[in-house]
Amino acid sequence: MRLHLLLASFLQSSSTGSLPGRDFLWIALSVGVLGLLFALVISRSVLSADTGLAEMRAISNAIREGAEAFMSRQYAAIAVIAVLLAIALYFGYKVSPFTAPLAGKVVVSFLIGACCSGLSGYTGMSISIRTNIRVASAARTSLGRALQLALRGGAVTGLVVIALSLLGIGILFYCFGGLKDPAHVPYQLVGFTFGASLVALFAQLGGGIYTKAADVGADLVGKVEAGIPEDDPRNPAVIADLVGDNVGDCAGRGADIFESTAAENVGAMILGTALYPVLGVKGILFPLVIQAVNLIASFIGVLVVRSREDQVPMDVLNRGYYVTTLLALAGFAAAVYWMLQGRWWLLACGVVGILMSFLFVRITEYYTEIRYWPVQAIAKASLTGPATNIISGLAVGMETPAVPVLVIAAALLLSYYFGVRGLADAPLSTYAKGIYGTAIATMGMLSSAAYILAMDTFGPITDNAGGITEMSDQPQVVRDRTDLLDAAGNTTKALTKGYAIGSAALAAFLLFSAYLETVHDIVANRFHDAGLIIPPNWQFNNINLASVPVFVGGLLGGMLTYLFSSLAIRAVGRAAQYIIKDVRAQFAENPGIMIGTSKPDYGRSVRIVTGAALREMILPGALVVFMPLAVGLIFKNLSTTFHIRMVGEILPTINGHTINLAGAEAVAGLLMVGTISGILLAMLMNNGGGAWDNAKKHIESGAHGGKGSEPHKAAVVGDTVGDPFKDTAGPSLHVLIKLLATVTLVLAPLFL
């Protein structure tokens, strides 16, 4: 339908709310296209800005070349893994007569999801490495102009990520016949989320290993051993460090948020199928329309950001966030009216999600901002050495999950209750009503995701800009401006990590519920196809922890998060050893580096850390993918001792195939406990690492002796410990939590 005809149809239906459900799909897809056009307009505006002096451009070019070289090699490795998994997935589905008809669609959606996720990450990195030089150049004359450029450069990432998620899911829904058979097609989209999660995990993990190995190497040899400042051009690892900001924080986080929106959209659509008799296709398409609202609200939020020279950068960025949130809330209310029959209790669910995102941002700010007690306590502990700094940092990290868990609990309980109230007249179980309420809360939390991602990408852009001004020896007034932006960028990166783990927590519960719903529907469909009657009142929504398969699966899920974190942190340590040895070797081989008569070989350090990071990302990533598969298949094929009884009966054999729920329940245990463990551990690492980082920056600002003092050296050691926590293992756990759920969703038919 052409856009003007669609608009006319919408206006004609405005008084009755009678717009056909299928038209909302066209609205969502149209806004997705507009989102890409918005991103194009903003990128052209940013790239038309001045690129500064020749010496600034030389540094920026080195960063760009290093980032592009790493991304090319990383994505080539991920592509091989994705193709091999697609082949395995196809033949895995073909083995069973129950799943064979879905093999082609699942694999196609898997590959499209992987491609869109990869494109999201690459776009974020690509615009970041071209914006940094323009921000550095703008900082020579105006703080406000530099801030605006940095945010708009980040906005390109946010808009592209959300638009691709919206378009990918919407187009697949249409092509798979969603308008003809909307109650069954959402289950065929789980491959899209699996592909998105797979690429996000490796992008976040590989980028995180790279950025922290380079950072640790640059800090330990440069700051501690050689006694030279951060971003000093004499440090051979400094370009690798600046490259790491882009491949970790930009590419990795872009793929992470893409995966979040994709997984939560598909999970909510699956849960919406239970409401099809009540809300029709509108209840299924509701998540896509909310993402369309997200795009429009975030675009306007970015445009309203203007800054005077005397304004605090974080205050300016927060103003855009508040505008985005208010617009998203208004759009959410309109979508509830048009699509959910004006059930205002369901709007309350969305408000709960929006409030949760706000609280998570503020809680993260408290634990990671310099002006609050936790960071100041770690800095004070540095007075007595690195040991007390590390003890204090660990204590802060272990404290951080407490309040967020209370917020998550309150959000789930309130949204469940509001969901039951909002669907009180629907002929559904209380559980189905409440779970849909939690799904809407998740959508509320993601309703400003594009702007949040813009603020996140703002961080590495300003960090790079600061490095460029330092290395090109710009006047102190320019460095002062980039320092202000860099400080705001450190805060936005920490806040985004808090937002990401909050969304992961809600998404994990949503996807767990979607997994239970999927298993139930698979069993019901198999009974129906065989002409049998499923045991009355049977629902696959209660997992018994006293069951041996479930308990063992839970133990394995909890263990997985710790083993994965260990492998990720160890990978940073091993990769850092390579870069430390290289920096030391360059200092020894070329004494002219330290006295400024010759330049270090930046490219050599970049190549070394690139190879190390790519080697180290394979094992922890493969562990996450294959653990659920192994648990499900092992328990499925164990002795019939583990057959699960429902309503006092063992589910019968259908056409020679036994319905054995042991594998599905064991995987449910793994998913449930792994999710809980992963959420808590990710909070500890993200906030603890952020607090360590800002404790060091607090001392560098002049507290407790300032730069070069013994407390500063102790804080650098603590920050080195926290770096792989907050930038490698912690963010990767966000993705692990959702990847576990998407893997189980895709592989659920194989566990039965």
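Presented here is an overview of the structure given in this document.

Turning next to empty space enclosed by the protein. The tally for this structure, following the rule as stated, stands at two cavities of 30 Å³ or more. Its boundaries defined by the atoms lining it, the second largest cavity holds a volume of some 50 Å³. Of all elements in the fold, only helix 11 (344–368), helix 17 (476–529) and helix 22 (662–700) reach the threshold of two or more residues within the lining of the second largest cavity. Broken down by element, the lining of the second largest cavity gets its largest block of residues, three residues, from helix 11. In terms of residue class, the lining of the second largest cavity is built from five nonpolar, three polar and no charged.

Within the largest apolar cluster, 237 residues are counted, with the highest numbers of intra-cluster contacts made by Phe286 and Tyr515. Leaving out residues up to four positions away in the same chain, Phe286 has contacts with Phe332, Ala335, Val336, Met339, Leu340, Tyr436, Ile440 and Met443. With eight residues, the next largest nonpolar core counts Ala218, Ile579, Phe587 and Ile593 among its residues.

Once that is clear, we can look at the packing of helix 4 (residues 103–138) against helix 16 (residues 449–471). One way to put it is that helix 4 packs onto helix 16 with a least axis distance of 8 Å and a crossing angle of 55 degrees. The angle between the axes of helix 4 and helix 16 places the two elements in the oblique class. Judged by the sense of rotation from one axis to the other, the crossing of helix 4 with helix 16 is right-handed. Within the contact between the two elements, helix 4 uses Ser128, Thr131, Asn132, Ile133, Val135 and Ala136 and helix 16 uses Thr457, Ile461, Asn464, Ala465, Ile468 and Thr469.

With that out of the way, let us pick up helix 5 (residues 143–175). Relative to the 48 Å expected for 33 residues at 1.5 Å per residue, helix 5 spans 48 Å between its end C-alpha atoms, a close match to the ideal helical length. When you tally the buried positions in helix 5, you get 29 out of 33 residues, the bulk of the element. You can read the cap of helix 5 off the contacts: a side-chain oxygen lies 3.4 Å from the backbone nitrogen of Gly144, and it is on Ser142. One or two residues past the end of helix 5 sits Gly177, with phi positive at roughly 90 degrees.

A side chain of one charge can pair with a side chain of the opposite charge if their charged atoms are brought near each other. Across all of its chains, the model carries 18 salt bridges by this definition. For Arg604, the salt bridge goes to Glu589, with nearest N and O atoms at 3.4 Å. Taken as a pair, Arg604 in helix 20 (residues 602–616) and Glu589 in helix 18 (residues 548–589) lie far apart in primary sequence, 15 residues in all. Judged by relative accessible area, Arg604 falls into the partly exposed class, the value being 25%. You can call Glu589 exposed: its relative accessible area is 55%. A salt bridge links Lys697 to Asp693, with the nearest nitrogen and oxygen atoms 2.8 Å apart. Of this pair, Lys697 and Asp693 are both found in helix 22, four residues apart, which corresponds to roughly one turn of the helix. By relative accessible area, Asp693 is classed as buried at 10%.

Among the secondary structure elements, Gln74 is positioned in helix 3 (residues 54–94). Judged by its relative accessible area of 0%, Gln74 falls in the buried class. With residues near it in sequence (within four places) discarded, Gln74 still touches Phe202, Ala203, Gly206, Gly207, Leu614 and Met617.

Further remarks concern the environment of Gly557. Relative to the assigned elements, Gly557 resides in helix 18. According to the relative accessible area criterion, Gly557 is buried, its value standing at 0%. Separated by 117 residues in sequence, Gly557 and Gly674 have C-alpha atoms that sit 4.0 Å apart. Not counting residues up to four positions away in its chain, the partners in contact with Gly557 are Leu670 and Gly674.

With that settled, consider the packing of aromatic side chains. What the rule picks out here adds up to 17 aromatic pairs. Arranged with centres 5.5 Å apart and planes meeting at 45 degrees, the rings of Tyr366 and Tyr372 form a pair that is tilted. By relative accessible area, which is 33% here, Tyr366 ends up partly exposed. Accessibility expressed as a relative area gives 27% for Tyr372, which makes it partly exposed. Pairing Trp692 with Phe725 gives two aromatic rings, centres 5.9 Å apart and planes at 75 degrees, and the pair type is edge-to-face. Residue Trp692 is found in helix 22, and its partner Phe725 is found in helix 23 (residues 710–747); the two are separated by 33 residues along the sequence.

Cut-offs applied
- Starting from 1, residues in each chain are numbered consecutively following that chain's sequence as written.
- Restriction of local features to residues with pLDDT of at least 70 applies here, the model being predicted, together with a cutoff of 80 or more for giving and counting side-chain atom pairs; totals for whole chains, interfaces and linings are based on all residues.
- To get the side-chain values, all heavy atoms of the structure are used, and hydrogens and water are removed first.
- Here a cavity means grid points, on a 1 Å grid over the protein atoms only, where a 1.4 Å probe fits yet cannot get out; a pocket means an open set of points with protein on both sides within 12 Å along at least five of seven lines; lining residues are those with an atom within 4 Å of a point.
- Grid points are joined across faces, edges and corners, and a volume is the space filled by probe spheres set on the points.
- Only DSSP runs of H or I reaching four residues or more are called helices, and only runs of E reaching two or more are called strands; each is numbered from the N terminus.
- Residue classes follow a fixed rule: Ala, Val, Leu, Ile, Met, Phe, Trp, Tyr, Cys and Pro count as nonpolar, while Asp, Glu, Lys and Arg count as charged, and any other residue, Gly among them, counts as polar.
- What we call a nonpolar core is a set of buried Ala, Val, Leu, Ile, Met, Phe, Trp, Tyr and Cys residues that are connected through their side-chain atoms within 4.5 Å.
- Working definition: with a 1.4 Å probe on protein chains only, accessible area under 20% of the residue-type maximum means buried, over 50% means exposed, and in between means partly exposed.
- Note on contacts: a residue pair qualifies if any of its non-hydrogen atoms lie within 4.5 Å across the two residues.
- Only the contacting stretch of a helix is used when fitting its axis, a line to C-alpha atoms as for every element, and angles between N-to-C directions run 0 to 180 degrees.
- Working definition: roughly parallel below 35 degrees, roughly antiparallel above 145 degrees, roughly perpendicular at 65 to 115 degrees, and oblique for all remaining angles.
- By the definition used in this description, the sense in which the near helix is turned from the far one sets the handedness, with an anticlockwise turn below a right angle giving left-handed and a clockwise turn giving right-handed.
- How far a helix is expected to stretch is found by multiplying one less than its residue total by 1.5 Å.
- As used in this structure description, the phrase polar contact means that two N or O atoms lie within 3.5 Å; if the pair is within protein, one of them must be able to donate a hydrogen and the other to accept it, and residues adjacent in sequence are counted only when both atoms belong to side chains.
- Salt bridges, as used here, are contacts in which a Lys or Arg side-chain nitrogen is within 4 Å of a carboxyl oxygen on Asp or Glu.
- For Phe, Tyr and Trp, where Trp contributes only its six-membered ring, two rings pair if their centres lie within 6.5 Å, and the inter-plane angle classes them as stacked under 30 degrees, edge-to-face over 60, or tilted in between.

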